[in-house]
Amino acid sequence: MSQTDDRARFLAAYDDNLRTDAETPSALNVTHHGPVRLVTFMKGRGFVTYRDLGDADAQTVKRLVAEAIAYFRAEPDITRVEWKSRGHDHAPGLHETLIENGFTQDEPESIMIGEAKALSTAVPLPDGVTLRQVRDEPDVRAMSAMQDEVFGEPVSDEMAEALLRRLSLGDGMQLWVAEAEGRMVSAGRLEPVPGTSFAGIWGGATRKEWRGRGIYRALTARRAQAALELGKTLIHSDSTEFSRPILERSGLLKVSTTTPYRWLRA
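In this text, all values refer to a predicted model and were calculated from it rather than measured experimentally.

Here we take up helix α2 (residues 58-73). Its 16 residues give α2 an end-to-end C-alpha distance of 23 Å, which sits within 8% of 22 Å, the value for a rise of 1.5 Å per residue. Buried within α2 we find V61, L64, V65, A68, I69 and F72. Mapping the buried residues of α2 onto a view down its axis gives an arc of 125 degrees, with all of them on the same face. Buried residues belonging to α2 abut β1 (29-33), β2 (36-41), β3 (45-50), β4 (80-86), α3 (94-100) and β12 (253-264).

You can see R166 is positioned in helix α6 (residues 158-169). Under the relative-accessibility criterion, R166 is labelled buried at 7%. Remark: the alpha-carbon pair of R166 and P25, spanning 141 residues in sequence, is separated by 8.4 Å. Sequence-distant contacts of R166, defined by excluding residues within four places in its chain, comprise P25, S26, D171, M173 and E191.

Here we come to the layout of surface pockets. Of the volumes computed, that of the second largest pocket is approximately 160 Å³. Secondary-structure elements contributing two or more residues to the lining of the second largest pocket are α7 (215-229) and α8 (244-250). By residue number, the principal contributor to the lining of the second largest pocket is α7, which donates 3 residues. Class assignment of the residues belonging to the lining of the second largest pocket gives a composition of 5 nonpolar, 3 polar and 4 charged.

Here the structure, examined in full by the defined rule, presents 4 aromatic pairs. Measuring from ring centre to ring centre gives 5.1 Å for Y71 and F72, while their planes differ by 80 degrees; the resulting arrangement is edge-to-face. For F72, a relative accessible area of 0% gives the class buried. A ring pair is formed by W83 and F103, whose centres lie 6.5 Å apart and whose planes are at 85 degrees; its orientation type is edge-to-face. Here W83, found in strand β4, pairs with F103, found in the loop between α3 and β5 (104-105); they are 20 residues apart in sequence, far enough to count as distant. Here W83 falls in the buried class, since its relative accessible area comes to 1%. Accessibility expressed as a relative area gives 3% for F103, which makes it buried. Through a chain of ring-to-ring contacts, the aromatic side chains of Y50, W83 and F103 assemble into a single cluster.

Cut-offs used in this document
- Residues numbered from 1 in each chain as written.
- Predicted model: local features only at pLDDT ≥ 70, side-chain atom pairs only at ≥ 80, totals over all residues.
- Heavy atoms only, no water.
- Helix = DSSP H or I, 4+ residues; strand = E, 2+ residues; numbered from the N terminus.
- Expected span 1.5 Å × (residues − 1).
- Buried < 20%, exposed > 50% of the residue type's maximum accessible area, 1.4 Å probe, protein only.
- Arc of directions from axis to C-beta.
- Contact = heavy atoms within 4.5 Å.
- 1 Å grid on protein atoms, 1.4 Å probe; cavity = no way out; pocket = protein on both sides within 12 Å on 5 of 7 lines; lining within 4 Å.
- Points joined across faces, edges and corners; volume = space filled by probe spheres on them.
- Nonpolar A, V, L, I, M, F, W, Y, C, P; charged D, E, K, R; others polar.
- Phe/Tyr/Trp six-rings, centres within 6.5 Å; stacked < 30°, edge-to-face > 60°.

Below, the structure is given as C-alpha cells:
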C-alpha cells in the first residue's frame with residue numbers, strides 16, 4: 001500500500017474514531033450544540049471541537065462561533081477557550097470569524113499517524129540514560145515542572161493536577177520519563193483511546209542540552225511498545241515542527257494539520 005493510501009486510511013480512521021468524546025477524556029462537562037461540542041475542563045478552560053461542520057456555509061460558521069463564545073461568556077469560571085480547527089475540514093470563513101470574535105491563532109501543528117509496530121523498534125539510549133513509567137505524585141509533579149520549563153512556561157500545578165486526576169480515574173494513561181544524572185531529561189505520556197485501535201503520544205519534551213541523542217525517539221518507541229501491550233495498533237499525535245521530523249523518521253505520516261485558536265476573557 002502506498003503512502004497516499006495509508007494517509008487516506010489513517011485520516012478516515014482519525015475522523016471516525018478520535019473526533020468524538022474520546023478526544024476529551026478529562027472533561028468536566030460536554031455540551032452538544034449542533035455539530036460542535038462545547039467542553040469544560042478544570043481551572044476555567046473551555047474547548048471547542050467537532051467531528052465536522054457538514055456542509056456549513058460562511059453564515060452558519062459565523063453563527064456557530066458567536067453562539068460558542070456566548071455559551072462560554074455565560075460561564076463565569078471560564079477564563080480561556082481553545083477552538084481546535086483542522087486543515088482538511090470544510091469550514092468557510094472560520095479563520096476570519098474566529099479572529100473577529102477575539103481569538104488569536106497559534107502555530108499550526110501536524111496531525112501524525114502511524115502503525116505502533118513501526119515505532120516500537122529498539123532505539124539505543126546514551127550511556128547513563130534510563131526510561132521508566134511514573135505513577136507517584138512527587139514524580140508526576142517533577143515531570144510536569146520539567147515539561148513547563150522545556151516549553152518555556154512558568155512552572156505551575158495545573159498540568160500536574162490534571163495528570164493526577166487522570167491517573168486516579170484509571171483510564172489507561174501512562175506517563176514515561178527519561179532520566180540521567182539524577183534528574184528527568186525527557187518525558188511524554190501515552191493515552192490509549194477506549195473502543196478504538198488508537199493510542200496518543202503527547203507532551204513530548206526534552207531538555208535542550210540532551211536533544212539530538214535519540215532520547216525522544218527511544219521514549220516514543222517505548223510508548224509504542226506499551227500501546228501494543230494494551231492492544232492498540234495505531235499511534236497518533238499533534239506535532240510541532242520540532243518533533244515532526246523525529247516522528248516521521250520513526251514511521252508516522254503527516255495526514256493533516258490542526259491549528260488552535262485561543263480566546264481569553266478580558
